[in-house]
Amino acid sequence: MATSNVSDMNRELEELRQRLQEAEDLIYAIRTGAVDALAVQGADGPRIFTLEGADQGYRTLIEQMSEGALLLSPDGTILYCNAALSGLLQVALPEMIGGSFHGFVPKGFQAYWKSLLVKGWAGKTRGEMPLRTSAGTLLPFSLSMNTLAFHQTPVLAIIITDVSSQREITHIRAQVAEQNALIDRKNQELKTQELARRVVEQAAAEAIRILESIPQIAWTANAQGVTTYLNRRWFAYIGESIDQPLDRQWSNHIHPDDRARSQARWEHSLATGEAFEIEYRFRNWQGEYRWMLGRALPSRNEQDQIIQWIGTCTDIHEHKLALEEIDQAQHQLQDKNEELTRVNVDLDNFIYTASHDLRAPINNIEGLVQALLEELPAAVQEEKEVHRILQMMQDSIDRFTTTVFHLTEVSKLQKEYGQPTALVKLLPIVEGVGLDLAPLIQQTGAQMEVDIPLDLAISFSEKNLRSVVYNLLSNALKYHAPSRPPRIQLRAYREADLVVLQVQDNGLGITPDNQGQLFTMFQRFHDHVPGSGVGLYMIKKIVENMGGWIEVQSTFQEGSTFMVYFKG
């Protein structure tokens with residue numbers, strides 16, 4: 001037993017010597033830098049973690065990385081970190097190894113950091129978060145975690161990448177993309193402008209082709225009013241070469257009396273954008289000034305800005321001369337009308353004065369006839385020849401009195417022109433005239449048919465309307481055919497903006513040769529009944545003074561139809 005115990009103790013002692021030798025070799029290797037080691041205090045005492053020489057190639061690779069690399073123990077102790085991470089966090093490498101990594105995590109990201117650790121220890125994970133440098137600055141990092149077995153002990157390997165440069169690159173790329181997009185837009189705008197320029201050039205060429213083909217003088221000017229183009233008809237008109245400067249072509253040929261007016265009108269159009277239109281005279285190659293109608297309209301772009309003016313000059317010389325002749329004729333006509341008006345006034349005054357002055361001698365003659373009748377014995381008056389002469393004298397006096405009365409009425413017609421009117425119903429007027437003519441109707445056995453609406457009214461003078469109806473009805477009764485009783489039909493109706501009064505009879509009628517003179521003053525075609533030949537003339541004047549007219553259709557020995565058209 002004793003020998004056995006001694007042998008065991010010797011064996012244990014040898015093992016202890018070997019371990020001591022290994023420890024001394026490790027300490028020596030650590031001191032000389034042959035291996036890296038880290039003593040970590042655990043539950044069983046301090047433990048030494050080393051990177052042995054076989055891993056030296058991997059260690060060199062990790063040290064050369066630009067990304068940070070570290071190993072964490074389960075409690076967050078930094079077992080290893082490379083120089084890149086030390087530089088990123090601005091902490092000396094010896095100060096980092098053996099310390100806690102939690103101190104580099106900002107407070108606001110502690111929960112996120114813990115969640116990453118949970119996922120990292122469970123397998124693999126990635127994340128982004130800022131870390132605090134020794135100067136307190138926060139830098140953005142990307143973290144890639146993976147669990148490894150190190151000396152049969154689990155550790156968390158973390159690769160830390162500074163993404164601030166990537167973000168800067170992203171920002172730069174965004175700026176580059178924005179600049180490229182801007183350049184693309186500019187290029188597109190240039191292409192669009194080039195296309196628009198070509199379209200404008202094509203349109204301008206087409207416009208010039210059109211302006212060259214029209215029969216008028218054509219021209220263009222820029223927005224400032226400077227002439228930019230004149231077609232060949234202008235140069236043919238002035239007899240000069242097309243090589244002459246455009247800016248002096250225009251004013252040199254305008255009539256001196258038209259220059260100031262033309263310039264003022266042109267400046268007004270340039271200032272307001274209104275269309276230019278004027279009549280002025282231009283001197284041609286023969287030195288003759290001819291009237292032109294100048295017109296121009298502005299051409300605008302999509303922004304409603306004037307880019308040019310397009311104008312024409314149309315020769316209106318003959319038309320202008322014709323208008324001047326017409327104007328001169330109108331002035332002459334106006335002078336004639338004024339002269340006729342004065343003559344009419346003089347005639348009216350003469351008629352009024354003559355009719356007034358003739359009444360006294362007529363009355364004297366009538367008085368003398370009456371005195372003669374009183375002096376002549378009754379037997380003498382009953383003698384056939386004496387009675388005939390006395391009757392002829394009385395008839396002459398009556399006709400003379402009637403003629404003077406009608407002359408007075410005719411003179412009044414002109415004075416009544418343009419007098420105010422009222423809305424007059426036609427049917428009551430016709431019925432009133434029928435009552436006045438009742439004795440004559442009864443005497444001739446006439447039949448009257450009236451077809452006039454109750455509400456039909458005319459804007460007319462009531463007195464003059466009664467005169468029109470009275471004359472037409474009385475004529476139809478007086479000039480009836482002896483072989484048959486009179487039949488008179490009166491109709492009235494609306495036709496467009498007119499009121500038509502139709503009076504139809506079955507009387508003597510009028511020959512075609514006499515119809516043209518029917519409305520002439522003192523014109524009579526039947527002498528077997530009394531009359532002065534003024535009635536139809538008067539109603540024609542009355543109707544015409546109010547803007548209407550009268551027509552007649554007649555067949556000799558069959559009857560007549562008078563159509564009176566009143567302005568409704």
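Read on for a plain summary of the structure. (Residues numbered from 1 in each chain as written. Predicted model: local features only at pLDDT ≥ 70, side-chain atom pairs only at ≥ 80, totals over all residues. Heavy atoms only, no water.)

**Here we look at the packing of helix H13 (residues 426-436) against helix H15 (residues 462-478)**
Now for step 1: Following both chains from N to C, one finds H13 and H15 inclined at 50°, their axes separated by 9 Å at the closest point. Taken together, H13 and H15 sit at an angle that is classed as oblique. As H13 packs across H15, the resulting crossing turns out to be right-handed. Facing H13, whose interface residues are Leu426, Ile429, Val430, Val433 and Asp436, H15 presents Glu462, Leu465, Arg466, Val469, Tyr470 and Leu473.
Now for step 2: Residue composition of the contact of H13 with H15, by class: eight nonpolar, no polar and three charged. (Axes fitted to C-alpha atoms, helices over the stretch in contact; angles between N-to-C directions. Helix = DSSP H or I, 4+ residues; strand = E, 2+ residues; numbered from the N terminus. Parallel < 35°, antiparallel > 145°, perpendicular 65-115°, else oblique. Left-handed = near helix turned anticlockwise from the far one by under 90°. Contact = heavy atoms within 4.5 Å. Nonpolar A, V, L, I, M, F, W, Y, C, P; charged D, E, K, R; others polar.)

**Focus on the sheet that holds strand S9 (residues 227-230)**
Now for step 1: Strand order in this open sheet of five strands is S9-S8-S12-S11-S10, and the pairing throughout is antiparallel. Each edge of the open sheet carries a strand with a single partner, namely S9 and strand S10 (276-283). Neighbour-to-neighbour, the strand axes of the sheet open up by a mean angle of 25°, direction not taken into account.
Now for step 2: As defined by bridge partners, strand S11 (residues 289-300) adjoins strand S12 (residues 306-315) across nine bridges and the pair is classed as antiparallel. Counted as the bridge partner of Ser299 is Gln308 from S12.
Now for step 3: Contacting strand S8 (217-222), S10, S11 and S12, helix H9 (residues 256-272) crosses the sheet at an angle of about 150° to S10. (Pairing = 2+ DSSP bridges.)

**What about the packing of H15 against helix H17 (residues 535-545)?**
Now for step 1: In the contact formed by H15 and H17, the axes pass within 10 Å of each other and the chain directions differ by 145°. Here the hand of the crossing between H15 and H17 comes out left-handed. Two secondary-structure elements touch here, H15 through Asn464, Ser467, Val468, Asn471, Leu472 and Asn475 and H17 through Gly535, Leu536, Ile539, Ile542 and Val543.
Now for step 2: Grouping the constituent residues of the contact of H15 with H17 by class yields six nonpolar, five polar and no charged.

**As for the pattern of salt bridges**
Now for step 1: Per the counting criterion, the structure on display carries 12 salt bridges.
Now for step 2: Two residues, Arg290 and Glu288, come together in a salt bridge whose shortest N-O distance is 3.5 Å.
Now for step 3: Residues Arg290 and Glu318 are paired through a salt bridge, measuring 2.9 Å at the closest nitrogen-oxygen approach. In this pair, Arg290 is assigned in strand S11 and Glu318 in helix H10 (residues 317-375), connecting sequence segments 28 residues apart.
Now for step 4: Judged by relative accessible area, Arg290 falls into the buried class, the value being 13%.
Now for step 5: A cluster of three or more residues bridged by salt bridges with shared partners is formed by Glu288, Arg290, Asp315 and Glu318. (Salt bridge = Lys/Arg side-chain N within 4 Å of Asp/Glu carboxyl O. Buried < 20%, exposed > 50% of the residue type's maximum accessible area, 1.4 Å probe, protein only.)

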